[in-house]
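If you want the building blocks of each chain, they are given just below.
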Amino acid sequence: MQALIKEMRMLPAAKRIVVGYRPDNQAAHCLYASLGFIDHGDRFGREMAVRLDI
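Undergrad: Could you clarify how one ought to interpret the overall build of the protein chain in this entry?
TA: When its secondary structure is counted, the protein chain shows 2 helices and 3 strands. Overall, the protein chain shows an N-to-C arrangement of helices and strands of α-β-α-β-β. Dimensions of the protein chain, computed from C-alpha atoms along their principal axes, come out at roughly 35 × 20 × 15 Å. Relative to its 54 residues, the protein chain shows a buried fraction of 22%. Total accessible area on the protein chain stands at roughly 4,000 Å², and carbon and sulfur atoms take up 54% of it. Taken together, the 8 basic and 6 acidic charged side chains of the protein chain have centroids lying 3 Å from each other.

Printed below as a string of structure tokens:
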């Protein structure tokens, strides 16, 4: 995931990365939080949507 974020930061038009995960997936929650993703209250249907501004 860190390699993907690094690559996306090099894209001139990339402003943010948004990912979704199921609310009961604590491992995903911890992973994305540790990488700086923030929950702004957005949802993809039943999934949590978190974003990282790059």
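Undergrad: Looking at this structure, I do not really get the sheet that holds strand S1 (residues 16-21). What am I missing?
TA: Through backbone hydrogen bonds, the strands of a sheet pair up, either in parallel or in antiparallel fashion. Here 3 strands make up an open sheet; going across it, the order is S1-S3-S2 and the pairing antiparallel. Only two strands of the sheet have a single neighbouring strand rather than two, namely S1 and strand S2 (38-44). The mean angle between the axes of side-by-side strands here comes to 35°, regardless of whether they run parallel or antiparallel. Relative to strand S3 (residues 47-53), S2 runs antiparallel, the two sharing 4 bridges.

Undergrad: Help me understand the environment of Arg22 in this model?
TA: Topologically, Arg22 is positioned in the loop between S1 and helix H2 (26-34). Residues Arg22 and Phe44, 22 residues apart in the sequence, show an inter-C-alpha distance of 9.5 Å.

Undergrad: Help me out: how do you make sense of the nonpolar core in this one?
TA: As a rule of thumb, soluble globular proteins bury nonpolar side chains together. One finds Ile5, Ile17, Val19, Tyr21, Ala28, Tyr32, Leu35, Phe37, Met48, Val50 and Leu52 forming the largest nonpolar core, which totals 11 residues. Looking at this core, the elements that each hand over two or more residues are S1, H2 and S3.

Undergrad: Explanation requested: the packing of aromatic side chains in the structure shown.
TA: Aromatic rings in a pair are described by how distant their centres are and how their planes are angled relative to each other. Overall, the coordinates contain 2 aromatic pairs when judged by the stated rule. With a centroid separation of 5.8 Å and an interplanar angle of 35°, the aromatic rings of Tyr21 and Tyr32 are classed as tilted. Of this pair, Tyr21 sits in strand S1 while Tyr32 sits in helix H2, and the two are 11 residues apart along the sequence. There is no split in this pair, since Tyr21 and Tyr32 are both buried. One aromatic cluster is present, built from ring pairs that chain together Tyr21, Tyr32 and Phe37.

How each quantity is defined
- Residues numbered from 1 in each chain as written.
- Predicted model: local features only at pLDDT ≥ 70, side-chain atom pairs only at ≥ 80, totals over all residues.
- Heavy atoms only, no water.
- Helix = DSSP H or I, 4+ residues; strand = E, 2+ residues; numbered from the N terminus.
- Buried < 20%, exposed > 50% of the residue type's maximum accessible area, 1.4 Å probe, protein only.
- Areas by Shrake-Rupley, 256 points an atom, 1.4 Å probe, with all protein chains shown as cover.
- Lys, Arg positive; Asp, Glu negative; His and termini not counted.
- Charge placed at Lys NZ, Arg CZ, Asp CG, Glu CD.
- Pairing = 2+ DSSP bridges.
- Axes fitted to C-alpha atoms, helices over the stretch in contact; angles between N-to-C directions.
- Core = buried A, V, L, I, M, F, W, Y, C linked by side-chain atoms within 4.5 Å.
- Phe/Tyr/Trp six-rings, centres within 6.5 Å; stacked < 30°, edge-to-face > 60°.

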